Amino acid sequence: MQEHYTKFNPGIKGVKIKKTYILDNTYYVEAVRTDKRPMCCDRLMNIKDYRQVRIKDKNYGSSKVIINVKKQRYICPCCNRKETGSLSFVEKRHSISKNVLNELNYHFRDIKSFKQIAKDLGISLSSVLRYFMKLEVKDKMNTTNTIHFDEFKGNADKEKYQLAVYNEKRELLTILKDRKSKTIKEYLESQEVKPKRVVIDLFMQFRNVIKSVLPKVEIIADKYHYVRQMEWMLRDVRIRLYNQDIKYKKFKKYWKLISSNPEKLTKNQKIRIDELKSLSPIFKECYEYKVKFYKLIKSKTEELFNKNLEVLICELEKSGIKECLKLSKTYKNWKEEIKNSFKYKVDNGFVEGYNNKIKVIKRVSYGIRKFEILKKQIQLKISHDVECIFDPTC
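In this text, all values refer to a predicted model and were calculated from it rather than measured experimentally.

The rules behind each value
- Residues numbered from 1 in each chain as written.
- Predicted model: local features only at pLDDT ≥ 70, side-chain atom pairs only at ≥ 80, totals over all residues.
- Heavy atoms only, no water.
- Buried < 20%, exposed > 50% of the residue type's maximum accessible area, 1.4 Å probe, protein only.
- Helix = DSSP H or I, 4+ residues; strand = E, 2+ residues; numbered from the N terminus.
- Pairing = 2+ DSSP bridges.
- Contact = heavy atoms within 4.5 Å.
- Polar contact = N/O pair within 3.5 Å; in protein donor to acceptor, adjacent residues only side chain to side chain.
- Phe/Tyr/Trp six-rings, centres within 6.5 Å; stacked < 30°, edge-to-face > 60°.
- Lys NZ or Arg CZ within 6 Å of the ring centre and 35° of its normal.

A. Geometry of the pairing of strand 10 (residues 146-156). Counting buried positions along strand 10 gives nine out of eleven residues, so the element sits mostly inside the fold. Where strand 10 meets strand 13 (residues 197-200), three bridges bridge the pair, whose relative direction is parallel. In the sheet register, Thr146 faces strand 13, and the bridge partner there is Arg197. With eight bridges connecting them, strand 10 and strand 11 (residues 159-167) associate as antiparallel partners. Paired with His148 across the bridge in strand 11 is Tyr166. Hairpin connection, strand 10 to strand 11: the antiparallel pair is bridged by two residues, and Asp157 has positive phi, about 50°.

B. Seen up close, unusual backbone geometry. Even without being glycine, Asn80 reaches a positive phi, approximately 60°. Residue placement: Asn80 occurs in the loop between strand 7 (63-75) and strand 8 (82-84). Phi at Lys158 is positive, roughly 65°, even though this residue is not glycine. Along the polypeptide, Lys158 turns up in the loop between strand 10 and strand 11. The exposure class assigned to Lys158 is exposed, which follows from its relative accessible area of 88%.

C. Looking closely at the environment of Gln72. Mapped onto the secondary structure, Gln72 falls in strand 7. If near-sequence neighbours (up to four positions away) are discounted, Gln72 is found in contact with Val32, Arg33, Thr34, Asp35, Ile47, Asp49, Tyr50, Glu83, Thr84 and Gly85. A polar atom in the side chain of Gln72 sits 2.8 Å from the side chain of Arg33.

D. Highlighting the packing of aromatic side chains. Enumeration according to the criterion identifies 16 aromatic pairs in this entry. Considering the side-chain rings of Tyr248 and Phe251, the 5.5 Å spacing of their centres and the 15° angle between planes classify their relative orientation as stacked. Looking at Tyr248, the relative accessible area reads 10%, which means it is buried. Summarising the aromatic geometry, the rings of Phe293 and Tyr294 are spaced 6.1 Å apart at their centres and angled 90° between planes, so their arrangement reads as edge-to-face. In this structure Phe293 comes out as buried when scored by relative accessible area, which is 2%. A relative accessible area of 10% means that Tyr294 is categorised as buried. Among the aromatic residues, those joined into a ring-pair cluster are Tyr226, Phe293, Tyr294 and Tyr331. The ring of Tyr131 has Arg130 sitting right over it, with the charged end atom 5.3 Å from the ring centre. Positioned over the ring face of Trp334 is Arg207, at 4.2 Å from the centre of the ring.

Any link to function would need more than the numbers given here.
In structure tokens form, the structure reads like this:
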């Protein structure tokens, strides 16, 4: 095909460009290295011969850029030592320029697969993987008074769950390989600045191991998880009644209305709820507990919240309904942590948002088997200011 000459200039230093042309949507740059002879045996080396190297530079728009450089090989007239001239824009024995490697570092922070990154930059998939594996990402040390623990399904290295740790500035500190007590204990002991408060979900193992390492720490229950316990109680009652008799079929039909916040219902929705409560005294009693609970979490003072929480637990215990008894036991076991939640007004809401992003990272990658790759992917894509060492000589 015909070559089309162009004024395109890649702006590289240390070479003299002879000509530039475009062929098949690819820019080709023919250049010669500027002759800078090295010293040997206290004298300049002589030119022995030339070598032609082909270097992939970063794309210009949607077009590839290939630089063909003719560089010198030198020989010492005294000791016959040979040396090849170096280029400032590419590492020794590499065919990918430093510009591409810098672009690669930014692409690793975008939510895309390795295959897509290779396609965007016009390099091989193996090159992308090789540079990624040599990229070292450092964990952040905690410097705040509050940290947040939350698990997610990573399915890496034969472990179903991994544990993400964040600080109160909503920064990702690290990803733990599993949620085992030994792993959590080692992490907490490694921190120079010990946290004063830890936010967790209602998982007994987390509370036990944190208390064993940090006896004076205040544990805070995540609001979403203890609110969900109330919703689950009402859900279990609704399902049990529906399975007992067909006359309760409306409990299935209006399940979404039943699970809605009672303080945000419209007039017609409240009428419908009254109809459902008239079907069963058990459902009516349980729904009243939900109404009281939502008023409870809107309490104006800490003392009022603590007092109403105690009253609610007692009422649940006296109800005699098995689902309410189960809920009262849960709230009783986590009473202090729930009170701390209202006291400090912190929760894991932003953490759940990051969990959704982790799911997207896994889905784009079609699953990640190795934990080290999963951890590095999450750190790069969630913490854009994470400290990393990119070694282009890998």
